[in-house]
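# Structural description and commentary
Read off the chains here:
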Amino acid sequence: MTGRRGGRPLVPAYLSTGGVARPSRALERLSVLTAGGEPTPADLPAAQAALLEELEHGSLTVQEAAALLRLPVSAVLVLAADLLDRDLVLARAPIPPARRFDPDLLKRVADGLRDLKHR
């Protein structure tokens, strides 16, 4: 997690996850992580402790946390899933994109407003 010249981390990402390659539960890049409010255990690996420390300042998406920790998203997914399993963080599904508006409805509203104005 500590950088060196060229931007490459000193510790390979797979070591930050303890060699685990896949998260224990399904999370997405835009899942929102929040600290669970529990005290940080003393035996927590450094990468997980760093993620919890970032979450003390407020909620973050997995992708934002990855950027702050300078780790690949896949590694942060593994770290976050482990913290979820230990009830140290909470995760919320990403907010779905808004549905497209109905242009016919907007036209009817505009027509109704024009009618009210001319009365």
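Right above here is the structure, for reference.
Just so we're clear, the structure is a prediction, and the values are computed from it rather than from any experiment.

### Thoughts on the packing of helix 2 (residues 46-55) against helix 4 (residues 73-85)
Any two packed helices are characterised by how steeply their axes cross, that is the angle between the axes, and by the distance between the axes. Here helix 2 crosses helix 4 at 80 degrees, and the two axes come no closer than 10 Å. Between helix 2 and helix 4, the interaxial angle falls into the category roughly perpendicular. Residues Ala47, Gln48, Leu51 and Leu52 of helix 2 form the contact with helix 4, whose participating residues are Leu79, Ala80, Asp82 and Leu83. Its residues assigned to classes, the contact of helix 2 with helix 4 shows 6 nonpolar, 1 polar and 1 charged.

### Here we look at helix 5 (residues 103-117)
Taking 1.5 Å of rise per residue, 15 residues should cover 21 Å, and helix 5 covers 21 Å from first to last C-alpha, within 8% of that figure. A side-chain oxygen of the first residue of helix 5 lies 3.2 Å from the backbone nitrogen of Asp104; this N-cap is Asp102.

### Some remarks on the pairing of strand 1 (residues 32-35)
Judged from the 2 bridges that link them, strand 1 and strand 2 (residues 60-61) form a sheet pairing that is antiparallel. Within strand 2, the position partnered with Leu33 by the bridge is Leu60. Pairing of strand 1 with strand 3 (residues 89-92), which is carried by 4 bridges, proceeds in the antiparallel orientation. Following the sheet pairing, Leu33 is matched in strand 3 by Ala91.

Rules used throughout
- Residues numbered from 1 in each chain as written.
- Predicted model: local features only at pLDDT ≥ 70, side-chain atom pairs only at ≥ 80, totals over all residues.
- Heavy atoms only, no water.
- Axes fitted to C-alpha atoms, helices over the stretch in contact; angles between N-to-C directions.
- Helix = DSSP H or I, 4+ residues; strand = E, 2+ residues; numbered from the N terminus.
- Parallel < 35°, antiparallel > 145°, perpendicular 65-115°, else oblique.
- Contact = heavy atoms within 4.5 Å.
- Nonpolar A, V, L, I, M, F, W, Y, C, P; charged D, E, K, R; others polar.
- Expected span 1.5 Å × (residues − 1).
- Polar contact = N/O pair within 3.5 Å; in protein donor to acceptor, adjacent residues only side chain to side chain.
- Pairing = 2+ DSSP bridges.

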